Amino acid sequence: MTAHDPAHVRHHMDRLAAEGIDVVRVSFPDLIGIDRSRDVLLEHLPTACAHGLAFCRAVYHTSPQGDTVPVSGGLDAGLPDVVVTPDLDTLVTLPWEPGVAWCLGDTTDPATGAPAPESPRDLLRSVLANCADAGLHPVVGPELEYFLLEPDPAAPSGWRRHSEVPGAVYTAGLCADPGNHLLRTLRLLRDLNIGVVSGNHEFDGGQYEINLTHSAGLNAADRAFRFKAAIKELARKEGMLATFMAKPRNDAGGSGFHLHLSCDTPEGRNAFADPAAPFGLSDTARHAITGILAHAPALAALHNPTVNSYKRFGPDTLAPWLIDWGLDNRSAMVRIPPERGAGTRLELRLGDAGANPYLAIASVCAAALLGVQNATEPPAPLEGYGYDPEKSQILPRTLGAALDALEADEALTGVLGKDFTASFLAYKRNEVQRFERHVTDWEFAEYAYHL
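Residues numbered from 1 in each chain as written. Predicted model: local features only at pLDDT ≥ 70, side-chain atom pairs only at ≥ 80, totals over all residues. Heavy atoms only, no water.

Going by an unreviewed UniProt entry, the protein carries the name Glutamine synthetase and comes from Streptomyces coffeae. You can read under Sequence similarities (unreviewed entry) in the UniProt record for the protein the words "Belongs to the glutamine synthetase family." (UniProt positions renumbered as here; feature names shortened; annotations may be inferred.)

Student: Provide a residue-level description of the overall build of the protein, including the pertinent values.
Tutor: Summing up its helical and strand segments, the protein has 12 helices and 15 strands in all. Over its C-alpha trace the protein gives a radius of gyration of 22 Å, about what one expects of a compact globule, namely 22 Å for 451 residues. In terms of overall dimensions, the protein has C-alpha extents of about 65 × 60 × 50 Å along its principal axes. The buried share of the protein, taken over its 451 residues, is 55%. The long-range fraction of contacts in the protein, counting pairs at least 24 apart against all pairs at least 6 apart in sequence, stands at 70%. As displayed, the protein offers around 19300 Å² of accessible surface, 54% of which is attributable to carbon and sulfur atoms. The average position of the 37 basic charges and that of the 57 acidic charges among the side chains of the protein differ by 3 Å. (Helix = DSSP H or I, 4+ residues; strand = E, 2+ residues; numbered from the N terminus. Rg over C-alpha atoms; globule rule 2.2 N^0.38 Å. Buried < 20%, exposed > 50% of the residue type's maximum accessible area, 1.4 Å probe, protein only. Contact = heavy atoms within 4.5 Å. Areas by Shrake-Rupley, 256 points an atom, 1.4 Å probe, with all protein chains shown as cover. Lys, Arg positive; Asp, Glu negative; His and termini not counted. Charge placed at Lys NZ, Arg CZ, Asp CG, Glu CD.)

Student: So what's going on with the nonpolar core? Which residues, and what values?
Tutor: By size, the foremost hydrophobic cluster in this structure holds 102 residues, and its most contacted members are Leu189, Phe227, Ile292 and Met333. Judged by nonpolar contacts, the second largest core, of 23 residues, contains Leu16, Ile21, Leu53 and Phe55. (Core = buried A, V, L, I, M, F, W, Y, C linked by side-chain atoms within 4.5 Å.)

Student: Can you tell me about the packing of aromatic side chains, naming the residues and giving the values?
Tutor: Under the counting rule described, the total for this entry stands at 12 aromatic pairs. Their ring planes at 45° and their centres at 5.4 Å tell us that Tyr146 and Phe244 sit as a pair that is tilted. Residue Tyr146 is located in strand 6 (residues 137–151), and its partner Phe244 is located in the loop between strand 11 (241–243) and strand 12 (257–264); the two are separated by 98 residues in the primary sequence. The exposure class assigned to Phe244 is buried, which follows from its relative accessible area of 5%. (Phe/Tyr/Trp six-rings, centres within 6.5 Å; stacked < 30°, edge-to-face > 60°.)

Student: With reference to specific residues and values, describe the side chain of Asp122.
Tutor: Mapped onto the elements, Asp122 comes out in helix 3 (residues 120–133). For Asp122, the side chain forms a polar contact with the side chain of Ser119, separated by 2.8 Å. Filtering out sequence-adjacent residues up to four positions away, Asp122 remains in contact with Thr107 and Pro115. (Polar contact = N/O pair within 3.5 Å; in protein donor to acceptor, adjacent residues only side chain to side chain.)

Student: Residues and numbers for the side chain of Asn308, please.
Tutor: Looking at the element boundaries, Asn308 is found in the loop between helix 7 (296–303) and strand 13 (325–327). Residue classification places Asn308 among the buried positions, given a relative accessible area of 15%. Polar contacts involving the side chain of Asn308 include one to the main-chain amide nitrogen of Ala246, which spans 3.5 Å. Beyond its immediate sequence surroundings of up to four residues, Asn308 is in contact with Met245, Ala246 and Lys247.

Student: So, the pairing of strand 6: which residues are in play, and what are the values?
Tutor: Counting buried residues along strand 6, 13 of its 15 residues qualify, which places the element largely inside the surrounding structure. Pairing of strand 6 with strand 12, which is carried by 8 bridges, proceeds in the antiparallel orientation. When the bridges of strand 12 are listed, Leu144 appears paired with Phe257. Summarising the sheet, strand 6 and strand 10 (residues 215–216) pair through 2 bridges and their orientation is antiparallel. When the sheet's bridge partners are listed, Val140 is paired in strand 10 with Ser215. Pairing of strand 6 with strand 11 involves 3 bridges; the strand directions are antiparallel. Each bridged residue has a counterpart across the sheet, and for Phe147 the counterpart in strand 11 is Thr243. Across 3 bridges, the pairing between strand 6 and strand 7 (residues 159–161) is antiparallel. Looking at the pairing, Leu149 lines up with Arg161 of strand 7. (Pairing = 2+ DSSP bridges.)

Student: Any details on the sheet that holds strand 5 (residues 100–108)? Residues and values, ideally.
Tutor: A sheet is described by the order of its strands in space; here 5 strands give the open sequence 2-1-5-4-3, paired in mixed fashion. The sheet is open, and its two edges are formed by strand 2 (35–41) and strand 3 (53–56), each paired on a single side. Strand-to-strand twist in this sheet, taken as the mean axis angle between neighbours without regard to direction, amounts to 40°. Pairing geometry for strand 1 (residues 23–29) and strand 5, over 5 bridges, is parallel. Bridging across to strand 5, Ser27 finds its partner in Leu104. (Axes fitted to C-alpha atoms, helices over the stretch in contact; angles between N-to-C directions.)

Student: Could you give an account of the packing of helix 4 (residues 181–192) against helix 5 (residues 217–237), naming the residues involved and the relevant values?
Tutor: The N-to-C vectors of helix 4 and helix 5 enclose an angle of 135°; their axes lie 11 Å apart at closest approach. Overall, the two elements helix 4 and helix 5 adopt an arrangement that is oblique. The handedness of the crossing between helix 4 and helix 5 is right-handed. Between helix 4 and helix 5, the contacting residues are Thr185, Leu188, Leu189 and Leu192 on the first element and Phe227, Ala230, Ile231 and Leu234 on the second. Taken together, the residues that form the contact of helix 4 with helix 5 break down as 7 nonpolar, 1 polar and no charged. (Parallel < 35°, antiparallel > 145°, perpendicular 65-115°, else oblique. Left-handed = near helix turned anticlockwise from the far one by under 90°. Nonpolar A, V, L, I, M, F, W, Y, C, P; charged D, E, K, R; others polar.)

Student: Run through helix 9 (residues 399–408), naming residues and quoting values.
Tutor: What sets the pattern is the α-helix's 3.6 residues per turn: residues three or four places apart point alike. Among the residues of helix 9, Leu399, Ala402, Leu403, Ala405 and Leu406 are the ones counted as buried. One face of helix 9 carries all of its buried residues, which in axial projection span an arc of 160°. Those residues of helix 9 hidden inside the fold are in contact with helix 7, helix 10 (410–416) and helix 11 (418–437). (Arc of directions from axis to C-beta.)

Student: How would you summarise helix 5 if you had to cite specific residues and measurements?
Tutor: Under the 1.5 Å per step criterion, the end-to-end length of helix 5 is 30 Å for 21 residues, consistent within 8% with the ideal 30 Å. Here helix 5 lies mainly inside the structure; 16 of its 21 residues are buried. Just downstream of helix 5, Gly239 is the residue with a positive phi angle, here 75°. (Expected span 1.5 Å × (residues − 1).)

Student: Give a description of the packing of helix 6 (residues 283–294) against helix 7 that names residues and reports values.
Tutor: For the pair helix 6 and helix 7, interaxial distance at closest approach is 5 Å and the crossing angle is 75°. With respect to helix 7, the axis of helix 6 lies roughly perpendicular. For the pair helix 6 and helix 7, the contacting residues are Ile292, Leu293 and Ala294 in the first and Ala296, Pro297 and Leu299 in the second. The class makeup of the residues in the contact of helix 6 with helix 7 is 6 nonpolar, no polar and no charged.

In structure tokens, the structure reads:
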């Protein structure tokens, strides 16, 4: 029985109807990780599964402001369709929206039947297949931070932080969360069944972190994508704004997207563990670290994918801006947590919360795989507090520089695919160009009166 066999679809429909569900929301991630979706009445689900849902391919090329960016295959091709087919194995009930179930969708080109070149979910599938061919099965634990904002007409942005309490780092309860946002959100996300474990108030006022379980690479990306969409939706429901923007305010730090990565062997053993090897890390683990370090400039384009991303970096930010690794050292780009044995893993601290989970996981897995294939040793680990540019190479300092590094990294883009890379570069270079033409409030305040 296939996933879209009529009997399989009918089984899901009967189950959903018994639960009072009459609408299925079908979602897929666009190029930058925004949740694109359509609501389907339950009685029309068989047609959606048999024939798919038509979307304009240029939705992949649409900016957050609604502009259609001229990426090959969109405007130049007459704005053709892609087809999104519900993945019923991902169905979950929305705890906060009665009568609605939610599933992810797979995107194909109707002319070829192949995955759409820009599809982040299919890109990750392709990278994971390459890893499997090498006998590696990535296991990923996502950690995401975000800011919760309340409307404030007097504020320049129209928003203020949910809480301005300083110093409430790693806390829970009303001291830094006066509206009990975290507690309420944790319970709803638990019922969404996306592997939420725990949460706390983070470093800055109004900043929160919620942790997800570790799982196989595609499942981890699916859950991180749904987590971000759910957090934003729940905030909107209460008249607030949850943002995963890298650095939304001048008077606060940034929000990270840290990825814990290990790999299982085909037999289910942790391929990174070897108690007899240096640092308790197997050859595979050390080579994977080397690959991530070697491809870090290109990884920045995918893990720090906005103009704003690079304002999160700098000394004493705990956001890595140097290419290094360390043993249980949070000032390093790649941190090796202290657990060994089955818990052996690395933590990539490069990314910010604005990254597309599929692209972030795909790219770090691709870099680790290249490192394993090249089988070279990493440099000595960082000791002490980092951020010394005389000891380690500096990451790209702007989105434009990171995009140049991605384009130049033929080994990494060879794993990610030329079509995807070309679309991503075209889309993001348009973003850089639009920003460079935009007159900011800072420029007006700095220059207008005196010049």
